[in-house]
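# Secondary and tertiary structure notes
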Amino acid sequence: MTKRISLTGIKPTGIPHIGNYLGAIKPALKLSETCEARYFIADYHALNSCKDPQEIRNMTLEIAAAWLASGLDPQQTLFYRQSDVPETFELLTILLAFTPKGLMNRAHAYKAMLQSNAKSGKDPDDGVNMGLYTYPVLMAADILLFDTDFVPVGNDQFQHVEMAQDIAQSFNYVYGCEGFKIPQPLAHEDSKTLVGLDGRKMSKSYNNTIPMFAPEKQLRKLIMSIVTNSQSVEEPKNPDTCSVFSLYKNFGTTAQLEALRQRYLAGGMGWGHAKQELFEVMNAHLSPLRERYNELMADPSVIHKALKEGGERARSLAAQKIVQLRKIIGIA
Ligand code: ADP
Ligand code: TRP
């Protein structure tokens with residue numbers, strides 16, 4: 001039986017953090033055990049918000065290293081940069097003709113910008129470039145170009161995958177054919193929103209992240225800075241409303257979790273102790289990844305080689321799809 005195809009991308013717009021790892025990278029790698037996986041760096045998506053060339057270059061390397069250090073095998077998984085597959089941008093042009101403007105008006109990211117502009121009394125479209133406005137169409141092109149079945153993403157990206165479904169269905173309807181597969185968003189159990197140092201969603205926009213590859217000392221310092229309440233050591237504590245415990249859940253074994261839960265409930269455990277426990281399980285999990293990351297960054301030629309080879313393979317697949325689509329639309 002042919003394997004189903006899973007595809008996802010990460011924008012190179014910041015240092016990869018534990019939220020990206022648990023919410024995106026780890027579940028995608030798990031899925032690659034049963035699917036034919038295509039994972040890429042969404043570099044042109046970064047251009048909407050970042051106009052610093054060195055930053056885009058550095059972050060692309062960081063995200064690529066994060067995938068590889070987390071265990072992505074470029075022999076098994078098609079691993080590439082979006083920009084190495086220019087067919088994506090031809091498909092974008094095709095899809096724009098099937099995308100109602102009203103659909104883009106409903107996109108969460110755009111709506112959030114409008115709201116924040118309204119709050120600060122600015123013009124509604126202040127700071128909105130057309131790249132940001134049409135970004136769900138570029139994301140649809142990323143997905144539809146590779147006959148994707150599943151898109152492992154966090155809940156925040158579901159709307160975009162649903163827009164890709166709408167656009168694909170509209171194309172298929174117009175030409176009365178199955179030009180595109182209809183992709184399904186897939187939220188992994190692990191991709192529930194992970195909290196950051198201040199108890200809000202861990203996100204680079206909130207400056208509350210734990211970088212995936214923070215050196216041991218910095219990791220410990222960051223964990224010790226997690227905001228907790230002012231309960232005394234003696235008081236029993238509630239593990240289910242605690243940021244430290246919610247992070248611990250992702251790294252401890254079932255037995256470790258149960259043991260720490262009992263210590264919370266019994267009282268007599270201070271926040272410093274809970275944080276120390278968290279540091280130990282996280283550090284044990286992340287140490288081998290950090291080591292591999294440091295090796296890769298010391299000699300990035302391995303990363304460049306993997307991306308180059310992956311880019312060539314991705315491009316030849318994409319070219320076949322474009323030939324097929326051009327025939328359908330009459331541009332051939
Ligand atoms: P950020 O919010 O830091 O800007 P991105 O939007 O670039 O992160 O997210 C890249 C991927 O990581 C997406 O698939 C997203 O769903 C996932 N992700 C980011 N932050 C978290 C989080 N706190 N919990 C779970 N998944 C997350
Ligand atoms: N929009 C996604 C994000 O912000 C990144 C992305 C771009 C993506 N293209 C994609 C994710 C295609 C899945 C599939 O996180």
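These remarks concern the structure in this document. (Residues numbered from 1 in each chain as written. Chains lettered and ligands numbered in written order. Predicted model: local features only at pLDDT ≥ 70, side-chain atom pairs only at ≥ 80, totals over all residues. Heavy atoms only, no water.)

## Focus: the overall build of the protein
Cut-off, in case you're wondering: Think of it this way: any DSSP run of H or I at least four residues long counts as a helix, any run of E at least two long counts as a strand, and we number them from the N terminus. Values of the radius of gyration come from C-alpha atoms, whereas the globule rule sets the reference at 2.2 Å times the count of residues to the power 0.38. Only protein chains enter the accessibility calculation, which uses a 1.4 Å probe; a residue is then buried when its area is under 20% of its type maximum, exposed when over 50%, and partly exposed in between. Residues count as neighbours in contact if any of their non-hydrogen atoms are within 4.5 Å of one another. A 1.4 Å probe and the Shrake-Rupley method give the accessible areas. Residues count as covered only by the protein chains that appear here. Only four residue types enter the tally: Lys and Arg on the positive side, Asp and Glu on the negative side; His and the chain ends are excluded. To locate a charge, take atom NZ for lysine, CZ for arginine, CG for aspartate or CD for glutamate.
Counting secondary structure elements, the protein contains 14 helices and 5 strands. Relative to the compact-globule value of 20 Å for 332 residues, the protein shows a C-alpha radius of gyration of 22 Å, a close match. Taking the principal axes of the C-alpha coordinates as reference, the protein spans close to 75 × 50 × 40 Å. Here the protein, with 332 residues, has 47% of them falling under the buried criterion. Contacts spanning at least 24 positions in sequence make up 77% of the contacts within the protein whose residues lie at least 6 apart. Within the structure as shown, the protein displays about 16300 Å² of accessible surface, and the carbon and sulfur contribution to it stands at 53%. On the protein, the mean spot of the 36 positive side-chain charges and the mean spot of the 35 negative ones are 1 Å from each other.

## A word on the packing of helix H8 (residues 135-144) against helix H9 (residues 158-175)
Counted only if it meets this: Interaxial angles span 0 to 180 degrees and are taken between N-to-C directions of axes, which are lines fitted to C-alpha atoms, for helices over the stretch in contact. Relative orientations are named as follows: roughly parallel for angles under 35 degrees, roughly antiparallel for angles over 145 degrees, roughly perpendicular for angles from 65 to 115 degrees, and oblique for any other angle.
Axis separation between H8 and H9 bottoms out at 9 Å; the angle between their running directions is 75°. The orientation of H8 with respect to H9, classified from their angle, is roughly perpendicular. For the pair H8 and H9, the contacting residues are Tyr135, Pro136, Val137, Met139, Ala140, Ile143 and Leu144 in the first and His160, Val161, Met163, Ala164, Ile167 and Ala168 in the second.

## Description of the site of ligand 2
Our working rule: We call a residue near a molecule or strand when any one of its heavy atoms sits within 4 Å of it. Any pair of nitrogen or oxygen atoms within 3.5 Å is treated as a polar contact; in protein, a donor-acceptor pairing is required on top of that, and neighbouring residues in sequence qualify only through side-chain atoms on both sides. Side-chain classes follow a simple rule in which Ala, Val, Leu, Ile, Met, Phe, Trp, Tyr, Cys and Pro form the nonpolar group, Asp, Glu, Lys and Arg form the charged group, and the remainder, Gly included, forms the polar group.
Around ligand 2, the structure places 14 residues, and the nearest of them are Lys11, Tyr135, Met139, Asp142 and Gln157. Between an oxygen atom of ligand 2 and a side-chain N or O atom of Lys11, the distance comes to 3.4 Å. Bound to the protein, ligand 2 loses 91% of the 370 Å² it would expose on its own. Secondary structure elements with two or more residues in the shell around ligand 2: strand S1 (5-10) and H8. A total of 4 residues in the shell around ligand 2 trace back to one element, the largest contributor, which is H8. Among the residues forming the shell around ligand 2, the class breakdown is 8 nonpolar, 4 polar and 2 charged.

## A short note on the environment of Val128
Position of Val128 relative to the elements: it lies in the loop between helix H6 (108-119) and helix H7 (130-133). Taking the relative accessible area as the measure of exposure, Val128 reaches 19% and is therefore buried. Linking Val128 and Leu219, residues 91 residues apart in sequence, is a C-alpha distance of 36 Å. Ignoring anything within four residues of it in the chain, the contact list for Val128 reads Tyr110, Met113 and Tyr133.

## Examining the site of ligand 1
In the region of ligand 1, 15 residues are neighbours, and His17, Asp156, Leu194, Met202 and Lys204 sit closest. Residue Met202 places a main-chain N or O atom 2.8 Å away from a nitrogen atom belonging to ligand 1. Between Ser203 and ligand 1, the recorded distance is 3.0 Å, taken from a side-chain N or O atom to an oxygen atom. For ligand 1, the accessible surface in isolation is 540 Å², of which the surrounding protein chains cover 90%. Among the residues making up the shell around ligand 1, the classes are represented as 3 nonpolar, 8 polar and 4 charged.

## A closer look at the environment of Gly9
Tracing the backbone through its elements, the reader meets Gly9 in strand S1. Using a relative accessible area of 32% as the deciding quantity, one classes Gly9 as partly exposed. For the pair Gly9 and Tyr80, spaced 71 residues apart in the sequence, the C-alpha separation amounts to 9.5 Å.

## Some details on the side chain of Thr148
Inspection of the secondary structure assignment puts Thr148 in the loop between H8 and strand S4 (150-152). Setting aside its immediate chain neighbours within four residues, Thr148 contacts Ile5, Leu7, Ile143, Lys181, Ile182 and Pro183.

## Points about H9
As a reminder of what qualifies: What a helix is expected to span follows from its residue count: subtract one and scale by 1.5 Å.
Over its 18 residues, H9 extends 26 Å from the first C-alpha to the last, a length consistent with the 26 Å expected when each residue adds 1.5 Å. Of the residues one or two after H9, Gly176 is the one with positive phi, at around 60°.

## Here we look at the pattern of salt bridges
Threshold: For this document, the term salt bridge refers to a Lys or Arg side-chain nitrogen within 4 Å of an Asp or Glu carboxyl oxygen.
Within this structure, the stated rule accounts for 14 salt bridges. Taking the shortest distance from any N to any O, the salt bridge between Asp84 and Arg81 comes out at 3.1 Å. The salt bridge partner of Arg292 is Glu295, with a shortest N-O separation of 3.6 Å. Here Arg292 and its partner Glu295 are both found in helix H13 (residues 271-298), 3 residues apart, which amounts to about one turn of the helix. You can call Glu295 partly exposed: its relative accessible area is 48%. A single salt-bridge network, built from bridges that share partners, covers Arg4, Asp149 and Lys181.

Read these as geometric descriptors, not functional statements.
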